[in-house]
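What the coordinates show
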Number of protein chains: 2
Amino acid sequence: MSKLTDVPKRILIGRALRSDRLGETLLPKRIALPVFASDPLSSVAYAPGEVLLVLSIAGVSAYHFSPWIAVAVVVLMFTVVASYRQNVHAYPSGGGDYEVATTNLGPKAGLTVASALLVDYVLTVAVSIASGIENLGSAVPFVVEHKVLCATAVIVLLTLMNLRGVKESGKLFAIPTYVFVGGVFIMILWGAFRGLVLGDTMRAPTADFHIKAEHQGLAGFALVFLMLRAFSSGCAALTGVEAISNGVPAFRKPKSKNAASTLAAMGLLAVTMFCGIIALAATTKVRMAANPATDLIHNGHPIGSGYVQNPVISQVAEAVFGKGSFLFVLLAAATALVLFLAANTAYNGFPLLGSILAQDRYLPRQLHTRGDRLAFSNGIVLLAGAAALLTVIYGADSTRLIQLYIVGVFVSFTLSQTGMVRHWNRHLAVEKDQAKRRHMMRSRAINTFGAFLTGLVLVVVLVTKFTHGAWVALLGMCIFFATMTAIRKHYDRVAEEIAAPEEPDDDLVRPSRVHSVVLISKIHRPTLRALAYAKLMRSDSLEALTVNVDPAETKALREEWERRGIDVPLKVLDSPYREVTRPVIEYVKGLRKESPRDAVSVIIPEYVVGHWYEHLLHNQSALRLKGRLLFTPGVMVTSVPYQLASSEAAKMRARRRQEWSAPGAVRRGPAGERPKEPSEPSEPSGSSGSSPKG
Amino acid sequence: MSKLTDVPKRILIGRALRSDRLGETLLPKRIALPVFASDPLSSVAYAPGEVLLVLSIAGVSAYHFSPWIAVAVVVLMFTVVASYRQNVHAYPSGGGDYEVATTNLGPKAGLTVASALLVDYVLTVAVSIASGIENLGSAVPFVVEHKVLCATAVIVLLTLMNLRGVKESGKLFAIPTYVFVGGVFIMILWGAFRGLVLGDTMRAPTADFHIKAEHQGLAGFALVFLMLRAFSSGCAALTGVEAISNGVPAFRKPKSKNAASTLAAMGLLAVTMFCGIIALAATTKVRMAANPATDLIHNGHPIGSGYVQNPVISQVAEAVFGKGSFLFVLLAAATALVLFLAANTAYNGFPLLGSILAQDRYLPRQLHTRGDRLAFSNGIVLLAGAAALLTVIYGADSTRLIQLYIVGVFVSFTLSQTGMVRHWNRHLAVEKDQAKRRHMMRSRAINTFGAFLTGLVLVVVLVTKFTHGAWVALLGMCIFFATMTAIRKHYDRVAEEIAAPEEPDDDLVRPSRVHSVVLISKIHRPTLRALAYAKLMRSDSLEALTVNVDPAETKALREEWERRGIDVPLKVLDSPYREVTRPVIEYVKGLRKESPRDAVSVIIPEYVVGHWYEHLLHNQSALRLKGRLLFTPGVMVTSVPYQLASSEAAKMRARRRQEWSAPGAVRRGPAGERPKEPSEPSEPSGSSGSSPKG
């Protein structure tokens, strides 16, 4: 990340960004899949394990239920995929859950979804990296021995990368994702081959462990409850499915169709891998326990806290490929890499959602400006900070983090699907064409079922996981919700305060005259230029103003003023305390008092220097004075800049900064392609700060 | 320091500051003495101990030399005092060593003195507080057990006090200083009385310790060298003598005379206390060792690291008054308090010197503005940081810190005295009046001797202490010197760059026309006001400019523009990347290209809000745009502020901030009373930043 390598890269990126618009970087499906699916696919690395973990509470016997849970997850996955295929068709603009909910269920629902998604992004980072570390750890013990440290290191690394605006290319995603998917499939097939054809007995490293059930012989409701908990853990496999619906604009034409089929492909892959791993885990007799130290029994003794419980996927890989074999290590590496990529997607999603929220004035407006480095940096740092906090608090333990994870996902699933139902109702109300109507009804049916099922799961998740950590996620959502509501309130209040009246009231009646004042310290180019410009503005009266901080200097100034015969009257203010600001402010206020209907224009010569440390040497009291003047009504403050030679340097920097490209460009598709939702123009957004678009 | 108690205090201070000018606060001698002498007087609290410490290296036998060293110190003290009495008469303006050196020996010498003084201020804080803690520790063991902690705490406390602008009154200094002086004199007299009249034998707590000489039976050069080292440690008693020469304006008339006699009184007190303590130390058989743990022998065994070696003054007090007696505790407390006051004087001197250096453009110009809170804060924080660093590095051990201390003092002594010699030579060259000439010659003689002696001591100090830490002080001086030279170079370069030519060259030829552009985001009060003001300025052409970040909003804007029939053409810029800054910049540049002789005036409506978090929600892109525009030649940027209701809050804050009064006002005397040195007005100081006085 040295500055040296950085500069040329920036320039390159700058070029790349421009060419964006030519649509060259639109994604073919084979690239789109990995770009959008790294998150959902990677989750099969931890989801199966979570299922077994929960079941283990009722002892090994409960493992029999794992296939049924897998089936449930599959059903759910298909439902969700089917539902989102409808979103993709209905919102080719890439309207994410937030927009779907806002447009169809109103702002409150939208904001809820937004809060849920924001929390989710944080957890995606935390969970994916934690799990990535654990997978890496199965091959490289050191990593898992220093879990928290390594996890935090990865977070820092990703943060730096994204702050630098490293633009990920499709390939970056493609290679590891395909390696991962390929690896898992080879594992499943080779496992099946060995098991069914060769008849080998493959045994996971934990195969001959026993599990001390925390609750022996669970039955009836308790058992059902446990199953439900296991199921809701398994639902972790669904996280990130919605990603594609945000990214439709990034697809090649026909966008919606391609996005839809990519979704389908992704769903198919995910479930196959999920089931395959569950099946292999069963055949290789993988044993997982919620508290391995005490509940895993080896030769009659608890295995103790020294033992590290590897993820299911790596245990299975070990059983199928053999410990330390090339394929085993490759798969472990690929898994970790894909999980880190999944985390990285959150780094793109978080600021993007932020900018959409800013557009609706739930967040500072300037976050909206696209590719605004500042805005993205803030978002990225906030995300990283929250994720790091969770990582440390939960000791980078993916199992404990996942307890928080799924709530947000299903909140947005449910609301978005409900929104879709409304959407179809709205359209059905006006649609006449029978064929279209039939199609819409079909879609509505799908979304209805999706809404129902995801809603059901949400309830299950809340009930089964609330005490296990879901409450934390809910708390986080509330905080986001409250903050954003407050910001929106502020903007609305301001918008009201500054709303332009139909008939200009006396606050806006055009002032009758303007009195210009040029601030002078010495006679040098900057002041002479300021004088020249001030004269150009034919204000009703013009005078030069200086503060007598130092009698000798003032005398010298007066004399030179005479000598040069400057045809502007020079007014000297006394300043017993060597102050600058106060006398000027008071003088200006005085002018206003004399003639309240007039405006005062204060013209300040300013240096423009190239480096911050130079800036420390100049303009300080000018800045303070300007700051104070802005609070004085009826005043306008004009800076007449004088560019010093050194300012070139800063100009260069500024230019380079502009060529910075925001992360996640790939997933977002070319700029300016995202037309607004019908609902939006009607929204007032006058409080957007002061410049053309604040 | 709660905000509540703070506000009223601020107002009071504000009042007090104003009344300054009435001269009420001019100092009578009885107050001036403690105000200026707390630093030099307090140094007798550690100087005697340092002498014994060094002598102990040659064993107890060497203690016999202490009287001789005392004599040497006394002679030196008288010389220095006599010399500075000349300064005071010659520079009633309160020209400190820096100005004396600059005026008579040129800027390089002056800058050297300045660097020395800056380093000295830092060490005054570190040494005084460390020693204060040790004295307090003799009464309150806890304090000395947590030396570094407590010392740092005191530094933080003083820093906060001074940042808050707590204005010390004469009394604040008077009471503890007089208690301290009184206490020491009572101790000396009572000690003498007990010893000579009552014939008691007073024994210091360390009286029956033996000292293991590091170098047994030193003789010849080695011994002389050791004596010299002891002497230069003793010179610590002279630190701060020069303070008065800075403060002449604070005295009642006749200023110089009063200042001179105060100097004399201070010198007299200092030497009496110094000698008295040395004498008592001898009679009470105080034993100090450089490394007490190993070199102090008690009953045949080294006393070990557990032992805390109390300062001489407290050991003597214990012998004379008795341990834990009221007077003993009182003296310990007073000593500590005076030492902390001495440290506090550095908090006043450092920023004051800073502002003088700023005036000569060796430091950022805005530090010059008097009572400029920001400037003072920076100085104070810098001072505190450096002092704290030293305190931690040297474990708040006054003995080790003093090794660094004396260099700076004598650098400025020597240069200032040499300067005075030059001063008299200059005046003698022109003076005709015989009486005056005789007087001048006398003064010159005194200063010459002073310069010689202090120069000699400087050499001794450098030779004997260089390896013991003096090099650190020298390094510090070099760093200050280099930095300030660089800053001055920068200012000079800029001054040259912006110097106004006699004949306005084409860079300054008055541009022929001005083209005004008002930036518009929406139609609301701020923009309407901006438009109204823009019209007032009868520029040659006026247009409104908006950036099309969002087609829908732009369309809405266009329509309302029509509807309201605003008589200013509305120009819309396209922005494919939803950027704001770049299109505007490029448009402005375009205008300039079309007609290079014209100026462009960009008018930006701005919100004025009350709280920083509100500011985060507004104006951001306005600020960035302004930042960029300043780099575009031929442009002036006008902010038309619109004060939102909440801005009142900020107005209040700003007003309160103005009522803050800079620390050290007492010692500096009333404002505006410090006329400039003859040399100064001639100096160009055009690079003083942009406002009336940068």
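The sections below set out a description of the structure shown in this document. Everything numeric in this text was worked out from a predicted model, so none of it was measured.

Thoughts on the packing of aromatic side chains
All chains considered together, the criterion is met by 16 aromatic pairs over all chains. Aromatic pair B:Phe449 and B:Phe452: ring centres 6.4 Å apart, planes at 35 degrees, arrangement tilted. Taken together, the residues span about one helical turn, with B:Phe449 and B:Phe452 both in helix H18 (residues 434-498) at a distance of 3 residues. Assessed through its relative accessible area of 52%, B:Phe452 is described here as exposed. The rings of A:Tyr84, A:Phe410 and A:Phe413 are connected pair by pair, giving a single aromatic cluster.

Some words on the nonpolar core
Counting 150 residues, the largest nonpolar core has B:Ile129, B:Phe180, B:Met187, B:Leu357 and B:Phe410 as its most contacted members. Excluding anything up to four places from it in sequence, B:Leu357 contacts B:Tyr98, B:Leu111, B:Ala114, B:Leu118, B:Tyr362, B:Leu363 and B:Met484.

Concerning the packing of helix H4 (residues 66-90) of chain A against helix H18 (residues 434-465) of chain A
Residues and elements named next belong to chain A. At a closest axis distance of 9 Å, the pairing of H4 and H18 adopts a crossing angle of 135 degrees. As far as their axial angle goes, H18 and H4 are oblique. Once H4 is placed against H18, the crossing between them reads as left-handed. Touching Leu76, Thr79, Val80, Ala82, Ser83, Gln86 and Asn87 of H4 are Ser443, Ile446, Asn447, Phe449, Gly450, Leu453, Thr454 and Val457, all from H18.

With respect to the pairing of strand S5 (residues 541-548) of chain B
The side chains of a regular strand alternate between both faces of the sheet. Residue and element names in this part refer to chain B. Buried residues dominate S5, accounting for 6 of its 8 residues. Where strand S4 (residues 514-519) lies against S5, 5 bridges are found, and the strand directions are parallel. Note on S5: the bridge partner recorded for His515 is Ser541. A crossover links S4 with its parallel partner S5, the connecting element being helix H19 (residues 525-536), and its sense is right-handed. Where S5 lies against strand S6 (residues 570-574), 5 bridges are found, and the strand directions are parallel. Bridge pairing links Thr546 to Val572 in S6.

Overview of the layout of surface pockets
The calculated volume of the second largest pocket comes to roughly 990 Å³. Surrounding the second largest pocket, 41 residues form its lining, A:Leu363, A:Leu382, A:Ile479, A:Phe480 and A:Thr483 being those nearest its centre. Going through the elements one at a time, helix H6 (107-139), helix H15 (326-359), helix H16 (373-393) and helix H19 (470-498) of chain A together with helix H22 (612-617) of chain B are the ones with two or more residues in the lining of the second largest pocket. Looking at the lining of the second largest pocket, the element that brings in the most residues is H19(A), giving 13 residues. Each residue belonging to the lining of the second largest pocket can be placed in one class, and the counts come to 29 nonpolar, 9 polar and 3 charged.

Focus: a nonpolar patch on the surface
All names here are of chain A. A surface patch of nonpolar side chains, about 1,100 Å² in accessible area, is lined by Ile175, Val179, Ile186, Trp190, Phe193, Leu196, Val197, Leu198, Phe326, Leu327 and Leu330. For the nonpolar patch, the secondary structure elements donating two or more residues are helix H9 (170-198) and H15. With 8 residues, H9 is the largest single contributor of residues to the nonpolar patch. Inspection of the secondary structure puts Leu330 in helix H15. With relative accessibility at 35%, the residue Leu330 sits in the partly exposed group.

Considering the packing of helix H12 (residues 255-283) of chain B against helix H14 (residues 312-321) of chain B
For any two helices packed against each other, the geometry is given by the interaxial angle and the distance between the axes. All names here are of chain B. Two elements in contact, H12 and H14, have axes separated by 10 Å at closest approach and are oriented at 60 degrees. Between H12 and H14, the interaxial angle falls into the category oblique. Considering the relative orientation of H12 and H14, their crossing is left-handed. Where H12 abuts H14, its residues Ile277, Leu280 and Ala281 lie against Val312, Ile313, Val316 and Val320. Of the residues assigned to the contact of H12 with H14, the class counts are 7 nonpolar, no polar and no charged.

Rules used in this analysis
- Residues numbered from 1 in each chain as written.
- Chains lettered and ligands numbered in written order.
- Predicted model: local features only at pLDDT ≥ 70, side-chain atom pairs only at ≥ 80, totals over all residues.
- Heavy atoms only, no water.
- Phe/Tyr/Trp six-rings, centres within 6.5 Å; stacked < 30°, edge-to-face > 60°.
- Helix = DSSP H or I, 4+ residues; strand = E, 2+ residues; numbered from the N terminus.
- Buried < 20%, exposed > 50% of the residue type's maximum accessible area, 1.4 Å probe, protein only.
- Core = buried A, V, L, I, M, F, W, Y, C linked by side-chain atoms within 4.5 Å.
- Contact = heavy atoms within 4.5 Å.
- Axes fitted to C-alpha atoms, helices over the stretch in contact; angles between N-to-C directions.
- Parallel < 35°, antiparallel > 145°, perpendicular 65-115°, else oblique.
- Left-handed = near helix turned anticlockwise from the far one by under 90°.
- Pairing = 2+ DSSP bridges.
- Right-handed = clockwise from strand over helix to strand, strands pointing away.
- 1 Å grid on protein atoms, 1.4 Å probe; cavity = no way out; pocket = protein on both sides within 12 Å on 5 of 7 lines; lining within 4 Å.
- Points joined across faces, edges and corners; volume = space filled by probe spheres on them.
- Nonpolar A, V, L, I, M, F, W, Y, C, P; charged D, E, K, R; others polar.
- Patch = residues over 30% accessible without salt bridge, like charges linked within 9 Å, V, L, I, M, F, W, Y side chains within 5 Å.
- Areas by Shrake-Rupley, 256 points an atom, 1.4 Å probe, with all protein chains shown as cover.
- Salt bridge = Lys/Arg side-chain N within 4 Å of Asp/Glu carboxyl O.

Keep in mind these values describe shape, not function.
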